[in-house]
Structures are given as C-alpha cells and as structure tokens.
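# Observations on the model geometry
Here are the chains, one letter per residue:
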Amino acid sequence: MKVLVTGGAGYIGSHVVAQLIEQGYQVVVYDNLSAGHRSAVHAQATFFEGDLMDRAVLSDFFNQHQRDSQPPFDGVMHFASHIQVGESMKAPFKYLRDNVGAMINLLEEVTHHGVPRFILSSTANLYDAPERIPIDETEALIPGSVYGETKYFGERMLMWMERIYGLRYCCLRYFNAAGAHPDGHIGEAHDPETHLIPLLLQVALGQRENITIYGTDYDTPDGTCIRDYIHVIDLADAHILALKALATGESRVYNLGNGMGYSVLEVLETARAVTGHAIPVVYGERRAGDLPRLVADSTRIKQELGWHPEFASLHQIVQTAWNWHQSHPNGFEDINTK
Ligand code: UDP
C-alpha cells in the first residue's frame, strides 16, 4: 500500500506518517515546508519538497509516481493547509486561495490518475453553533471562520468528486489535537505557537513568563472555555482505520475527540502537575470567535471502525507533550543542529 501524505512534515501529518510506516505502509510526503519541518518526517518515508499551488510541479510529481497497472498511490491523506482560525479572519484571501486552491489542484491529479481513496484533515470549526453537546456528525455545518470555510469547501468538493469520479473519501473533523509521539522524537512545533498546551509548556520551560487565559466569564463551571483534547497518535490511528475502511466501504465523515471536555483552568492545573512548575497566568479578555464549549461525540467512528483512544487522559496527553518539549526546547531546530 502506497500512501501520499500532503503536509506530512507538519504536526499531525508527521505523526500519521510515523504510524503508517510502523504499520508497513509505503509513504510519500509532499510538503512545501512553509510550516512543517523536514526532520519531522520519518526516515523511511520518501520526501518531496513542493507546493500544491504549483500545478506543473504537482503534475510531474504524480506522473513520476505512476505505476504500470495501478494508480500512483492507493490513497491520499491531505493535511497541507494554513491552520490558524484567527489569522484566517485577518488574511481571508490567503486562506481561500491557498487552502481551496491547493485542494483543487490535488483533486485534479487524484481523479486524473484514478487514486481511489482520499482522507481529509477537517475540523470542529465547522460546528460554530452547536445545538447539542457533545457534538455528533448530524450537527448543522456552520463554519466559524474563513479557515473553517475552506475545510467546508474541501468536504463539499469531495462529495462532487465521488459523484463524478467515484472517489471514496473520509473527512475527519478534529477537535483539539494535542500531545506528542510517546517516544518523544516528534511533537508540536508551530511558529507562532497559538495553542494552549504548548504555550503552557513553554512557560514551564522558562521561554515565556506567563500565559494569558482568554476569558473567565463564560457560562461554564469555572468560567473558562471547555475543549476536547485528543492525542495526536489516536488521531493518526483513526486516519489509518479510515483508509482501510474505504477499501471496501462507502465515503464517510467522523468527529474525532475524546468525548471529555476540560476547561482552560483544568488544563493549566494538569500542566502544573506534570511539569512541577507554577506556570503563572494573566487573566485576559475573551478571544474573538471562541465558543464556550466544544466536545465531540465520536460514537460513530468507535462503532463503525472500532477506533478507541489509547491516550485518553489529559494527564497522558500533557505528559507526552512535556516529554517532547523538554527534550526539544527549540522544537525541530534542536534536531537540525545536532
Ligand atoms: N487559550 C487561552 N490562552 C492561550 C491560548 C488558548 O486561554 O494563550 C484558550 C482558548 O481560548 C481556548 C482553549 O484555550 O478556549 C484552547 O485554545 P487553542 O488555541 O489551543 O485551540 P482552539 O480550541 O482554539 O482550537
């Protein structure tokens, strides 16, 4: 089985690549390294540095991988995209042009070459006005940002690709991806970092003086926002299960979370317990666009694919992230300079 992973040098992509290799897949990574890290890519994966916006390069790449009697890849997992909700509201055209444009180019090659299966990295940002919590897949799709809208377009395009070309697809709508590979060699390293857990750990490492808590007056038990943190390895495993399921089954959509909500203050306390650091905080204003509570109902993927989170506890999630941050305080720069 030969799988193309776009964005395989990024946080979630690199963990999926590691799991695919461990399970015996042949993996090709396509990444422009605008946000990803070359050294995050597993040594046994074939790496190609390229931009999905460059149609000529992408087309050559697919032609080069063409096999005699089979399509160039048995499946594609598409992670490559800009991912910041806040930035997408300040630079909407960057998101619309790149995220949507890249996927159009990719789908054109995928369908032209008859690649049979496609997994899309989608998002809980499609649920901006949930009627029921935990949120299942029947909830109304209301993107909460331009970023979310680009993923919504992606899901819609896949629906048409199936209808026209028979492409089988799975959209995985992630809640809050967190944690790091349990052996500590890869982990989260965004620049700029905007996510709660790595920011807390950067304070514990002495790289930041404190962290601002965005809002303490939400309608939640302690007044801070509640999120569903899911371990990146559990996410990765869901992708591989989905890829297998598409070999015989129909296209589908799954929500991916632990089903457990934790408030910002609970995450803070866990980070303090794991690191033994006081982690000073500043109480700040609400961040624009944050919903009080986002928790997944992942019953569907559990029932249909037998998926089960292995790293379900918040403590495990923060502990694996801490192992990575402690051993790589400067992220992948520590590996590049070794
Ligand atoms: N958050 C915070 N301070 C920060 C970063 C995040 O209080 O410096 C809060 C944020 O308001 C949200 C939660 O932590 O309620 C998770 O935010 P993150 O950006 O990690 O993920 P999101 O839920 O926005 O995808």
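## Brief notes about the packing of helix α6 (residues 196–204) against helix α10 (residues 314–327)
Axes are the key here: two packed helices are described by the angle between their axes and the distance separating the axes. α10 packs onto α6 with a crossing angle of 50° between their chain directions and a minimal axis gap of 10 Å. With respect to their mutual orientation, α6 and α10 come out oblique. Of the two elements, α6 crosses α10, and the hand of that crossing is right-handed. Residues I197, P198, L201 and A204 of α6 form the contact with α10, whose own contacting residues are I317, V318, A321, W322 and H325.

## As for the packing of aromatic side chains
Two descriptors summarise a pair of aromatic rings, namely the distance from one centre to the other and the angle between the planes of the rings. In this structure the tally under the stated criterion is eight aromatic pairs. On the numbers, 5.9 Å between centres and 20° between planes, the contact of F61 with F73 is stacked. Of this pair, F61 sits in helix α2 (residues 55–65) while F73 sits in the loop between α2 and β4 (75–78), placing them 12 residues apart in sequence. Taken as a pair, F61 and F73 share a single burial class, namely buried. Both rings, one in F62 and one in F73, keep their centres 5.4 Å apart while their planes meet at 85°; by these two values the pair is edge-to-face. Here the residue F62 occupies a position in helix α2, and F73 occupies one in the loop between α2 and β4, the gap between them amounting to 11 residues.

## Quick look at the site of the ligand
Surrounding the ligand, one finds 15 residues, the nearest of these being L196, T212, R227, R287 and D290. Backbone polar atom of Y214 to an oxygen atom of the ligand: 2.9 Å apart, as the coordinates give it. R227 is positioned with one of its side-chain polar atoms (N or O) 2.8 Å from an oxygen atom of the ligand. For the ligand, whose unbound accessible area comes to 510 Å², protein coverage reaches 87%. Of all the secondary-structure elements, those providing two or more residues to the shell around the ligand are α6 and β8 (211–214). Of the residues contributing to the shell around the ligand, the split by class is eight nonpolar, four polar and three charged.

## Section: the sheet that holds strand β9 (residues 226–227)
What holds strands together in a sheet is hydrogen bonding between their backbones, with the strands either parallel or antiparallel. As summarised here, the arrangement of the three strands in space is β12-β9-β14, forming an open sheet in which the pairing is mixed. The sheet is open, and its two borders are formed by β12 (262–263) and β14 (293–294), each paired with just one other strand. Sheet analysis places β9 next to β14, joined by two bridges and oriented parallel. Residue pairing in the sheet places I226 in a bridge with R293 of β14.

## Notes on the sheet that holds strand β11 (residues 252–256)
Reading across from one edge, β3-β2-β1-β4-β5-β6-β11 is the order of the seven strands in this open sheet, with parallel pairing throughout. In this open sheet, the two edge strands, each paired with only one partner strand, are β3 (46–49) and β11. Across the sheet, the mean angle separating the axes of adjacent strands is 20° when strand polarity is ignored. Relative to β3, strand β2 (residues 26–31) is paired through four bridges, and the arrangement is parallel. Paired with V28 across the bridge in β3 is T46.

## Details of the pattern of salt bridges
Scanning all chains against the criterion turns up 11 salt bridges. For E108, the salt bridge identified is with R55, shortest N-O distance 3.2 Å. Here E108 is found in helix α4 (residues 92–112), whereas its partner R55 is found in helix α2, with 53 residues between them in sequence. A relative accessible area of 38% places E108 in the partly exposed class. Here R132 and D136 are joined by a salt bridge, their closest N and O atoms 3.7 Å apart. When its relative accessible area of 19% is taken as the criterion, D136 is described as buried. Each of R227, R287 and D290 takes part in one network of salt bridges that share partners.

What counts and what doesn't
Residues numbered from 1 in each chain as written. Predicted model: local features only at pLDDT ≥ 70, side-chain atom pairs only at ≥ 80, totals over all residues. Heavy atoms only, no water. Axes fitted to C-alpha atoms, helices over the stretch in contact; angles between N-to-C directions. Helix = DSSP H or I, 4+ residues; strand = E, 2+ residues; numbered from the N terminus. Parallel < 35°, antiparallel > 145°, perpendicular 65-115°, else oblique. Left-handed = near helix turned anticlockwise from the far one by under 90°. Contact = heavy atoms within 4.5 Å. Phe/Tyr/Trp six-rings, centres within 6.5 Å; stacked < 30°, edge-to-face > 60°. Buried < 20%, exposed > 50% of the residue type's maximum accessible area, 1.4 Å probe, protein only. Near = heavy atom within 4 Å. Polar contact = N/O pair within 3.5 Å; in protein donor to acceptor, adjacent residues only side chain to side chain. Areas by Shrake-Rupley, 256 points an atom, 1.4 Å probe, with all protein chains shown as cover. Nonpolar A, V, L, I, M, F, W, Y, C, P; charged D, E, K, R; others polar. Pairing = 2+ DSSP bridges. Salt bridge = Lys/Arg side-chain N within 4 Å of Asp/Glu carboxyl O.

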